[in-house]
Amino acid sequence: MNGDDEARARFERARRMRNYAIAGVLLFLVVLFFIMTMVRLGGHVAD
Amino acid sequence: MTVVTEKQQSLAAADLNFATVGDYFQLLKPRVMSLVLFTGVVGLVLAPGHVHIATALTALLCIAVGAGASGALNMAYDADIDALMARTKFRPVPQGHLTAGDATAFGATLAVGAITVMALLVNYAAAALLAFTIAFYVFVYTMWLKRRTPQNIVIGGLAGALPPAIGWAAVTGSLAVPPLVLVVIIFLWTPPHFWALSLYRAEDYARARVPMLPVVSGKSETRKQIVLYTVLVVASGFAPFFLGFAGPLYLAVNAAIGLWFVVQALRVARERNTQTEPQARRLFGVSILYLFAVFAALLVEQAAGLSHLAPLGLG
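*Asks:* Quick one: what's the story with the overall build of chain A, residue by residue and with numbers?
*Replies:* Looking only at helices and strands, one finds one helix and zero strands in chain A. Classification of the 47 residues of chain A by burial places 0% in the buried group.

Here it is, written out as structure tokens:
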């Protein structure tokens, strides 16, 4: 593996990890908004 | 004619944008964030009333992310001076791991996100205070004061002092005397904390032309100011007891560690080793310990039911 290939591999790994991090944050926000919606509705969901 | 292959384009992009998740995490200034979060927790726990645990955790998350956003925007704007200082030259932007534009976009996204989530899921008062805090840190401290006046960290310290008020507002939707007293304590604590650092980093600040007090007025004047502000912060630290929202444990902690804080400030005032500044280094650590101890005492008293404030109800 030459230098360019190594740099490309590092770049792609960094990009992949960043994408996982962004996906994780978005998933967390989905869960957070779901939980907070339930909290705010409280026992009045069926009203 | 030069033919640019897809691989070359990709590598060029890699050179410009090789940031890892760790680089972005470093932009958040995690150590500063932890202290901000801790003081925010105290404001939230001291607040009277009832709040669901999920709402409380969301508020704390927004405070933490807002602090991180401020750090990222600060690192984006200050990349030029960070590159000149030994303490900051390994930050991601001066290292070239990402551009100032990347850091700005990251910080702005987090700031808008934290304020929006706070407004939607907690309340507007806490969101407005968080927005004010971030704006004050970025526009007033970073962009205006930091490079212009030795009072930069005195006035700019307000941004770092506000988290207890945000925590309180997250529960009550308003402000009151107790959180404002905590804000005053942190506000007065900030100058001796940062001036201790600037004493042993004075050459760094001079090289970067940041007008910190030792650079502009000299180390002798800085030592006097450190003693003055340390006495002020410890004296103001008694206010929670005399105003009735702290008990004997808090009083004892503020008296004991406050005395240590003042004694250490006096040692800095008498320092003769102006090269390595060992007493200033020690004061930096003692100042952190002081703030942690007095706020922890408030937390312990509240948890043990020793506080005169009504306990926070967590659902």
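*Asks:* Kindly report on the confidence of the model for chain B, identifying the contributing residues and their values.
*Replies:* Per-residue confidence for chain B gives a mean pLDDT of 92, with 92% of residues at or over 70. Across the whole predicted complex the pTM is 0.89, and at the interface the ipTM reaches 0.74.

*Asks:* Report on helix H13 (residues 219–236) of chain B, specifying residues and quantitative values.
*Replies:* The end-to-end C-alpha distance of H13(B), which contains 18 residues, comes to 25 Å, matching closely the 26 Å that a straight helix rising 1.5 Å per residue would cover. Where H13(B) is buried, its residues touch helix H10 (177–200), helix H12 (213–216) and helix H15 (248–269) of chain B.

*Asks:* Tell me about the interface of chain B and chain A, residues and numbers included.
*Replies:* Facing the 12 residues of chain B at the interface are 12 residues of chain A. Of all the elements in the fold, those that place two or more residues in the side of chain B that touches chain A are helix H1 (6–16) and helix H4 (53–77) of chain B. Split by residue class, the side of chain B that touches chain A holds seven nonpolar, five polar and no charged.

*Asks:* Provide a residue-level description of the domain arrangement of chain B, including the pertinent values.
*Replies:* All names here are of chain B. Along its sequence, chain B is organised into domain 1 (20–173) and domain 2 (176–309). The C-alpha-based centres of domain 1 and domain 2 are spaced at 21 Å. Between domain 1 and domain 2, the residue contacts involve 27 residues of the former and 26 residues of the latter. If you list the elements that add at least two residues to the side of domain 1 that touches domain 2, you get helix H3 (30–46), helix H8 (152–161) and helix H9 (163–172). The class makeup of the residues in the side of domain 1 that touches domain 2 is 18 nonpolar, five polar and four charged.

*Asks:* Report on the environment of Leu28(B), specifying residues and quantitative values.
*Replies:* All names here are of chain B. Secondary-structure assignment places Leu-28 in the loop between helix H2 (21–27) and H3. In this structure, the C-alpha to C-alpha distance between Leu-28 and Leu-188, residues 160 residues apart in sequence, is 24 Å. Other than its neighbours up to four places away in sequence, Leu-28 contacts Met-33, Gly-68, Gly-71 and Ala-72.

The rules we used
Residues numbered from 1 in each chain as written. Chains lettered and ligands numbered in written order. Predicted model: local features only at pLDDT ≥ 70, side-chain atom pairs only at ≥ 80, totals over all residues. Helix = DSSP H or I, 4+ residues; strand = E, 2+ residues; numbered from the N terminus. Buried ≥ 20, exposed ≤ 12 C-beta atoms within 10 Å, placed from the backbone. pLDDT = per-residue confidence, 0-100. Expected span 1.5 Å × (residues − 1). Contact = placed C-beta atoms within 7 Å. Nonpolar A, V, L, I, M, F, W, Y, C, P; charged D, E, K, R; others polar. Domains from an automatic or database assignment.

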